[in-house]
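# Chains, contacts and geometry: an overview
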Amino acid sequence: MESSMERWYEAAFKRVSVRKYSGSASRDELRVLKEAAKYFSTDDVRIVVGRQEGIFNPLIGKLISGTETFAALISCEGDHDYMVGSVGEAFVLECTAMGLGTCWVGGTYNRNIANQCIRLDPETEKIRCLIAIGHYDKLPERKRNRKTIQNLTGIEEREFELLPEWQRSAVECARIAPSARNYQPWEFDVLKDSLQVACISKNFGFGGIDCGIAMLHIEIGAAHCGIYGDWQVEDRLPLFTIDYNLDT
Ligand SMILES: Cc1cc2nc3c(=O)[nH]c(=O)nc-3n(C[C@H](O)[C@H](O)[C@H](O)COP(=O)(O)O)c2cc1C
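## As for the pattern of salt bridges
For the structure on display, the rule yields 7 salt bridges. Measuring nitrogen to oxygen at the nearest pair gives 3.5 Å for the salt bridge that ties Arg 51 to Glu 68. Of this pair, Arg 51 sits in strand E1 (residues 45-51) while Glu 68 is found in the loop between E1 and strand E2 (69-76), placing the two residues 17 residues apart along the sequence. By relative accessible area, Arg 51 is classed as partly exposed at 47%. Asp 81 is the salt-bridge partner of Arg 128, the closest N and O atoms lying 2.9 Å from each other. Here Arg 128 is found in strand E4 (residues 125-134), whereas its partner Asp 81 is found in helix H3 (residues 81-97), with 47 residues between them in sequence. Under the relative-accessibility criterion, Asp 81 is labelled buried at 12%.

## Observations concerning the layout of surface pockets
When its volume is computed, the largest pocket comes out at roughly 850 Å³. Those elements giving two or more residues to the lining of the largest pocket turn out to be strand E3 (101-105) and helix H8 (207-223). In the lining of the largest pocket, the residues fall into 13 nonpolar, 8 polar and 9 charged. Three or more residues apiece are contributed to the lining of the largest pocket by two domains, here domain 1 (17-134) and domain 2 (149-243). For the second largest pocket, the calculated volume is near 420 Å³. Forming the walls of the second largest pocket are 22 residues, and the residues nearest its centre are Met 83, Ser 86, Val 87, Leu 216 and Glu 219. Elements with a contribution of two residues or more to the lining of the second largest pocket: helix H1 (2-14), helix H2 (27-40), H3, H8 and strand E7 (230-233). Tallying contributions element by element places H3 first for the lining of the second largest pocket, with 6 residues. The two domains that each donate at least three residues to the lining of the second largest pocket are domain 1 (17-134) and domain 2 (149-243).

## A look at H3
Given a rise of 1.5 Å per residue, 17 residues ought to cover 24 Å, and the 24 Å separating the end C-alpha atoms of H3 matches this to within 8%. With 14 of 17 residues buried, H3 lies mostly within the body of the structure.

## Structural notes on the nonpolar core
Residues Ile 47, Phe 91 and Phe 188 are the most contacted members of the largest nonpolar core, which totals 59 residues. It is H8 that provides the largest number of residues to this core, a total of 10 residues. A domain split of this core shows at least three residues from each of domain 1 (17-134) and domain 2 (149-243). In terms of nonpolar packing, the next biggest core, distinct from the first, is built from 16 residues, Val 105, Ile 127, Leu 130 and Ala 132 among them.

## Some points on the site of the ligand
Around the ligand there are 23 residues in total, and Arg 15, Ser 17, Arg 19, Gly 107 and Arg 146 lie nearest to it. Ser 17 has a polar side-chain atom sitting 2.6 Å from an oxygen atom of the ligand. The separation between an oxygen atom of the ligand and a polar side-chain atom of Arg 19 is 2.7 Å. Taking 620 Å² as the accessible area of the ligand by itself, protein coverage stands at 88%. Of the pockets mapped on this structure, the ligand occupies the largest pocket. For the shell around the ligand, the elements supplying multiple residues, two or more each, are E3 and H8. In terms of residue class, the shell around the ligand is made up of 11 nonpolar, 6 polar and 6 charged. If you count residues domain by domain, the shell around the ligand takes at least three from each of domain 1 (17-134) and domain 2 (149-243).

## Some thoughts on the packing of aromatic side chains
Each aromatic ring pair is specified by the distance between its two centres and by the angle formed by the two planes. According to the stated counting rule, one finds 5 aromatic pairs in the structure shown. One cation-aromatic arrangement involves Arg 111 over Tyr 109; the distance from NZ or CZ to the ring centre is 4.7 Å. Against the face of Phe 204 rests Arg 181, its NZ or CZ located 4.1 Å from the ring centre.

## Notes on unusual backbone geometry
The residue Asp 193 is not glycine, and still its phi comes out positive at about 60°. Judged by relative accessible area, Asp 193 falls into the partly exposed class, the value being 28%. Despite not being glycine, Phe 204 shows a phi value in the positive range, around 55°. Tracing the backbone through its elements, the reader meets Phe 204 in the loop between strand E6 (194-199) and H8.

Conventions we followed
The residue numbers shown here count from 1 along each chain, following its written sequence. The predicted nature of this model means local features are confined to residues of pLDDT at least 70 and side-chain atom pairs, given and counted, to a pLDDT of 80 or more, with totals for whole chains, interfaces and linings taken over all residues. As a rule here, side-chain values come from all non-hydrogen atoms in the structure, and water together with hydrogens is ignored. Take a side-chain nitrogen of Lys or Arg and a carboxyl oxygen of Asp or Glu: if they are within 4 Å of each other, that pair is a salt bridge. Only runs of H or I of at least four residues qualify as helices and only runs of E of at least two qualify as strands under DSSP, and these elements are numbered from the N terminus. Burial classification: accessible surface area is computed with a 1.4 Å probe over protein chains only, and a residue below 20% of its type maximum counts as buried, one above 50% as exposed, and the rest as partly exposed. Residues are said to line a cavity or pocket when one of their atoms sits within 4 Å of a point; the points come from a 1 Å grid over protein atoms alone, cavities being sets where a 1.4 Å probe fits but cannot get out and pockets being open sets with protein on both sides within 12 Å along at least five of seven lines. Grid points are joined across faces, edges and corners, and a volume is the space filled by probe spheres set on the points. Only Asp, Glu, Lys and Arg are considered charged, only Ala, Val, Leu, Ile, Met, Phe, Trp, Tyr, Cys and Pro nonpolar, and every remaining residue, Gly among them, polar. Residue ranges labeled as domains rest on an automatic or database domain assignment. One less than the number of residues in a helix, times 1.5 Å, gives the span that helix is expected to have. By convention a nonpolar core is built from buried Ala, Val, Leu, Ile, Met, Phe, Trp, Tyr and Cys residues, the set being connected through side-chain atoms within 4.5 Å. Working definition: residue near molecule or strand if any one of its non-hydrogen atoms lies within 4 Å of it. Under the rule applied, a polar contact is a pair of N or O atoms within 3.5 Å (in protein, one hydrogen donor and one hydrogen acceptor; residues adjacent in sequence only if both atoms are side-chain atoms). Only the protein chains shown count as covering a residue, and every accessible area follows the Shrake-Rupley method with a 1.4 Å probe. Being in a pocket or cavity means that more than half of the molecule's atoms lie within 2 Å of its grid points. Stacked, edge-to-face and tilted labels apply to pairs of Phe, Tyr and Trp rings (six-membered ring for Trp) whose centres lie within 6.5 Å, assigned for plane angles under 30 degrees, over 60, and everything in between, in that order. Placement of a charge over a ring requires the Lys NZ or Arg CZ to be within 6 Å of the ring centre, with the centre-to-atom vector within 35 degrees of the ring normal.

Dropping the structure here:
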């Protein structure tokens, strides 16, 4: 796991959403992706990898072209959006590390085609998002138009520089996390030996997934400094606490 974290840390800074692809994943890559999907799936979130013509052709507003390879993030029984975000982003970063382009796709895919080609348990499962995956000729320019550290944490730059290295690394890594419409619907509370994430907007139904993505980025930013911890989700409140036991 430790080496995966470092691999994902490097990938997090390289990743950018790719919407114009030069081709789908090859048969060998598809096999590796399917293995990874099995490995990343949990009881709450299932990842299905496939290739399907037209999957990224929505009825209106086509944004993704040049690939038919997708990973579907399927939520199993109940609301697992934080988990969908974390597991999905780990998968995205693994694809990035493999040299493939990706884009989270929550809206601009063809739902009819997705529902036809992805077998779901209609009682318990729903598709929460797709990830487009494929080859690219040139990475799009990384704009990284993100909220400032001060905006995200309420901490002045000079004060932020005085925080422990792991906290700075965690916040900086979360700052570059992707979110639907780049809305960044989160705030980070820097506490003693912990960090808290507050989800501040539903963001058209993607707020929980966005926060799960930021949570993974916090973990990998902290792990980059050798700090590991656990998330505790407070009942009903969209708040998360990551507590690192620094005494051990
Ligand atoms: C949950 C989620 C849903 C998204 N849905 C779409 C989508 O439907 N279509 C699209 O083109 N981009 C989509 N995106 C990509 C975001 O627009 C993109 O991550 C954001 O603008 C930041 O840019 P970056 O990924 O290049 O850093 C989605 C991202 C997330 C996290």
